[in-house]
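Inside the fold
Each chain, letter by letter, is given below.
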Protein chains: 2
Amino acid sequence: MTRSLPELAVDALGGDRAPEALVAGSLRALRQLPDLRVILVGEPERLEPLLDRASGLGQRLRLEPAQGAISMDAHPARATRSQPRASINVAVELVAAGQADACFSAGNSGAAMAAALTRLRRQEAVARPAIGTPFPNRLGGTTLLVDAGAQVDCRAEWLADFARLGCQYARMALGVAEPKVGLLSNGEEPTKGNALVQAAHERLGALQLDYRGPVEPRGLLSGEVDVVVADGFVGNIALKSAEGVAEVILAALRDEARSDLRSRLGAALLLPALRRLGRRLDWRQVGAAPLLGVRGLVFIGHGRSDAGAVSSALTVAAAAVRSGLAATLRPQPARAGAGA
Amino acid sequence: MTRSLPELAVDALGGDRAPEALVAGSLRALRQLPDLRVILVGEPERLEPLLDRASGLGQRLRLEPAQGAISMDAHPARATRSQPRASINVAVELVAAGQADACFSAGNSGAAMAAALTRLRRQEAVARPAIGTPFPNRLGGTTLLVDAGAQVDCRAEWLADFARLGCQYARMALGVAEPKVGLLSNGEEPTKGNALVQAAHERLGALQLDYRGPVEPRGLLSGEVDVVVADGFVGNIALKSAEGVAEVILAALRDEARSDLRSRLGAALLLPALRRLGRRLDWRQVGAAPLLGVRGLVFIGHGRSDAGAVSSALTVAAAAVRSGLAATLRPQPARAGAGA
């Protein structure tokens with residue numbers, strides 16, 4: 001089932017720092033992963049000038065033409081229809097056609113979802129797709145939040161789908177043999193939670209999964225569970241609260257560390273430790289969120305992704321491909337040159 | 001309207017560190033605020049041994065007998081009915097009877113709400129009460145989250161009430177002349193949000209308030225608004241995500257700072273700055289969340305509140321009383337000795 005040469009389509013026009021960060025991140029990933037192949041999707045005249053450092057990669061890097069990007073504030077479904085040759089659409093089509101094993105976009109995430117739904121379609125018995133966002137947890141592993149923002153008004157049965165999809169991803173792409181599942185709530189007692197959480201609690205308990213019950217938001221970071229299931233609105237609020245606080249704390253730490261000579265000296269000595277801390281907390285280190293519930297591997301990244309974030313995302317995507325997940329989701333037609 | 005001598009009833013039996021932290025925090029507040037008066041509510045035989053350092057406070061401190069506390073995991077409404085002489089019930093009754101201007105509890109917050117609803121009752125034209133949780137924001141002020149957990153399945157019109165109540169509190173107790181209001185959402189664009197947020201957006205726009213539209217969770221910390229309105233389930237998830245991340249970052253910082261000699265030396269030099277940072281982020285520095293929508297001032301604190309947190313909470317409560325808010329919510333009968 002596993003592929004030896006993961007080939008990834010990269011939406012080179014999506015994201016705040018496109019196309020530079022997407023191209024630079026792809027080149028970095030290609031250098032780090034000798035078996036990786038990348039298809040940069042975008043306008044060749046914009047991409048080619050950025051490829052002067054691509055020598056030596058040979059056939060491992062190629063361009064696929066596309067016409068413009070879907071802007072970050074465009075209406076996702078409408079824009080994917082009205083811009084059929086937009087870079088995200090072309091990138092997803094490469095996955096649908098079996099020319100790429102997975103694709104990555106740091107652009108409009110709603111548009112990536114719309115492109116995946118129309119070009120790859122939903123998996124059987126999945127009512128709604130979801131976004132899985134990986135959190136680096138305190139045990140050194142990854143806890144996946146599903147849904148992190150795709151479905152903002154969920155039914156309890158969709159949350160049961162999210163649990164199944166999250167476990168499938170955790171088992172294959174993250175290598176967790178028996179993923180533990182929690183349900184995001186405002187308390188661990190069964191009397192807590194809103195009406196949706198209480199209904200979902202019943203359904204999750206009936207699944208053939210290692211369901212551990214409701215977890216508070218700290219369960220995203222503690223490592224007590226591998227998959228945290230949530231309504232997409234609530235999941236997105238949890239994600240953005242966590243990001244917001246992390247930003248404020250790190251900014252406040254920088255302020256305080258500059259406040260006087262003694263602090264500046266201390267901060268200079270502590271710098272390597274602070275850098276390690278930053279890496280442990282940095283969303284770029286995990287960097288790629290899979291769309292779950294569609295018949296193919298599509299990853300989305302933060303709009304602000306820089307070259308490091310892109311490179312990290314492609315590493316995650318390549319690992320998911322190597323796990324055999326891409327083939328499970330979408331048995332691929334034989335591909336000319338796939339083993340070349 | 002303002003009272004010169006705020007008199008606060010303290011639920012001395014509520015919270016993980018009761019009664020010691022409640023008594024010690026009350027004594028600290030009494031020493032810091034020369035005009036403060038405190039009524040410690042609890043079993044006299046448990047409290048009196050803790051009062052050996054209370055000399056010199058004279059009539060500014062007194063005990064009010066109560067029989068036991070409502071435990072943290074008890075069902076709030078049921079327990080407040082079955083334990084009528086529990087400390088939280090007695091503390092709220094002192095407010096209802098005009099013998100205290102406000103009360104504070106670090107115990108079961110649902111029980112505090114139940115006690116407030118039965119003994120003080122709802123304000124007119126308020127469908128549901130809410131918890132207002134203060135966040136220290138980056139501008140050095142306070143942003144109030146309403147609701148932080150009282151109502152987990154809200155209607156849009158309740159969120160409009162939360163906005164009015166939050167503004168009333170911000171105007172009087174926090175001294176913000178024209179509070180700016182935001183609606184907690186997963187994005188600032190009007191196309192974002194779930195069905196409840198979209199319905200609430202319409203209603204908030206129709207109020208005579210300075211409504212600034214949807215805000216992401218970072219709006220709780222940025223200072224861009226003074227009041228953030230949310231469904232209580234979502235608000236509690238945002239609050240607990242923020243707390244969870246702050247804990248993880250500070251723990252990781254401690255780990256890293258101890259990892260080698262250079263880091264330990266740097267951390268020692270940086271210690272005063274780190275302590276300032278800790279104070280800026282510490283929930284104990286704000287420490288008291290008002291119950292909004294009831295006819296009297298009831299504050300709740302974190303179950304883990306230590307003496308510093310209690311002292312800080314009483315300072316917040318005393319300021320709210322001095323602002324005249326207690327009198328606005330509940331015109332008090334004349335009180336013997338109020339001016340003594």
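To keep things clear, this report deals only with the structure shown in the data block. (Residues numbered from 1 in each chain as written. Chains lettered and ligands numbered in written order. Predicted model: local features only at pLDDT ≥ 70, side-chain atom pairs only at ≥ 80, totals over all residues. Heavy atoms only, no water.)

With that out of the way, let us pick up the sheet that holds strand β2 (residues 37-42) of chain A. All names here are of chain A. Ordered by their spatial adjacency, 11 strands build an open sheet running β3-β2-β1-β4-β11-β10-β5-β6-β9-β7-β8, and the pairing between neighbours is mixed. The sheet is open, and its two edges are formed by β3 (61-65) and β8 (210-215), each paired on a single side. Averaged over neighbouring strand pairs, the angle between their axes works out to 25 degrees when direction is ignored. With 2 bridges joining them, strand β5 (residues 130-136) and strand β10 (residues 289-292) adopt antiparallel strand pairing. Note on β10: the bridge partner recorded for Ala130 is Leu292. Each of β1 (7-11), β2, β3 and β4 (102-105) is contacted by helix α1 (residues 20-32), which is oriented at about 170 degrees to β2, the strand it contacts most. (Pairing = 2+ DSSP bridges. Helix = DSSP H or I, 4+ residues; strand = E, 2+ residues; numbered from the N terminus. Axes fitted to C-alpha atoms, helices over the stretch in contact; angles between N-to-C directions. Contact = heavy atoms within 4.5 Å.)

The subject of this paragraph is the sheet that holds strand β8 (residues 210-215) of chain B. The strands that make up a sheet are held in pairs by hydrogen bonds between backbone atoms, and each pair lies either parallel or antiparallel. All names here are of chain B. One open sheet accounts for 11 strands, arranged β3-β2-β1-β4-β11-β10-β5-β6-β9-β7-β8; its pairing is mixed. Single-partner strands in this sheet number two, and they are β3 (61-65) and β8. The sheet shows a mean angle of 25 degrees between the axes of neighbouring strands, direction not considered. The pairing of strand β2 (residues 37-42) with β3 spans 5 bridges and is classified as parallel. Bridge pairing in β3 places Ile39 opposite Arg62.

This part covers the relation of the copies chain A and chain B. Once chain A has been moved 0.0 Å along the axis and rotated by 180 degrees, it coincides with chain B to within an RMSD of 0.1 Å. Accordingly, the operation relating the two chain copies is best matched by a two-fold axis. In terms of proximity to the rotation axis, the leading residue of chain A is Gly266 of chain A, whose C-alpha is 1.9 Å off the axis. (Least-squares fit on C-alpha atoms with pLDDT ≥ 70 in both.)

Inspection of every chain in the model, using the stated rule, returns 23 salt bridges over all chains. For Arg85 of chain B, the salt bridge is made with Glu93 of chain B, and the minimal N-O distance between the two is 3.7 Å. Residue class for Glu93 of chain B comes out partly exposed when judged on its relative accessible area of 29%. Glu157 of chain B is paired through a salt bridge with Arg155 of chain B; the nearest N and O atoms lie 3.9 Å apart. Residue classification places Glu157 of chain B among the partly exposed residues on the basis of a relative accessible area of 31%. It is possible to trace a salt-bridge network through shared partners that takes in Arg85, Glu93 and Arg119 of chain A. (Salt bridge = Lys/Arg side-chain N within 4 Å of Asp/Glu carboxyl O. Buried < 20%, exposed > 50% of the residue type's maximum accessible area, 1.4 Å probe, protein only.)

Further remarks concern the side chain of Thr133 of chain B. Counting through the fold element by element, Thr133 of chain B comes out in strand β5 (residues 130-136). Beyond its immediate stretch of four places on either side in the chain, Thr133 of chain B contacts Thr143, Leu144, Leu145, Ala148, Leu239 and Ala289 of chain B.

Before going further, it helps to examine the interface of chain A and chain B. The interface of chain A with chain B comprises 51 residues on the first partner and 51 residues on the second. Carbon and sulfur atoms supply 68% of the area buried between chain A and chain B, which totals about 4,800 Å² over both sides. Here chain A is connected to chain B by 2 salt bridges. The salt bridge involving Glu216 of chain A is made with Lys240 of chain B; its shortest N-O contact spans 3.6 Å. Going through the elements one at a time, α7 (195-205), α9 (232-257) and α10 (261-281) of chain A are the ones with two or more residues in the side of chain A that touches chain B. For the side of chain A that touches chain B, the element with the highest residue contribution is α9 of chain A, accounting for 20 residues. Class assignment of the residues belonging to the side of chain A that touches chain B gives a composition of 29 nonpolar, 10 polar and 12 charged. (Buried area = accessible area lost by both parts, 1.4 Å probe. Nonpolar A, V, L, I, M, F, W, Y, C, P; charged D, E, K, R; others polar.)

Residues and elements named next belong to chain B. With respect to the helices and strands, Gln123 occurs in the loop between α5 (109-119) and β5. Taking relative accessible area as the criterion, Gln123 reaches 16% and is therefore assigned buried. Setting aside its immediate chain neighbours within four residues, Gln123 contacts Leu165, Gln168, Gly293, Val294, Arg295 and Leu329.

Moving on, we come to a negative patch on the surface. Together, Asp73 of chain A together with Glu188, Glu189 and Glu224 of chain B line one region of the surface with negative charge. Take Glu189 of chain B: it is sitting in the loop between β7 (180-184) and α7 (195-205). What makes Glu189 of chain B partly exposed here is its relative accessible area of 36%. (Patch = residues over 30% accessible without salt bridge, like charges linked within 9 Å, V, L, I, M, F, W, Y side chains within 5 Å. Areas by Shrake-Rupley, 256 points an atom, 1.4 Å probe, with all protein chains shown as cover. Lys, Arg positive; Asp, Glu negative; His and termini not counted. Charge placed at Lys NZ, Arg CZ, Asp CG, Glu CD.)

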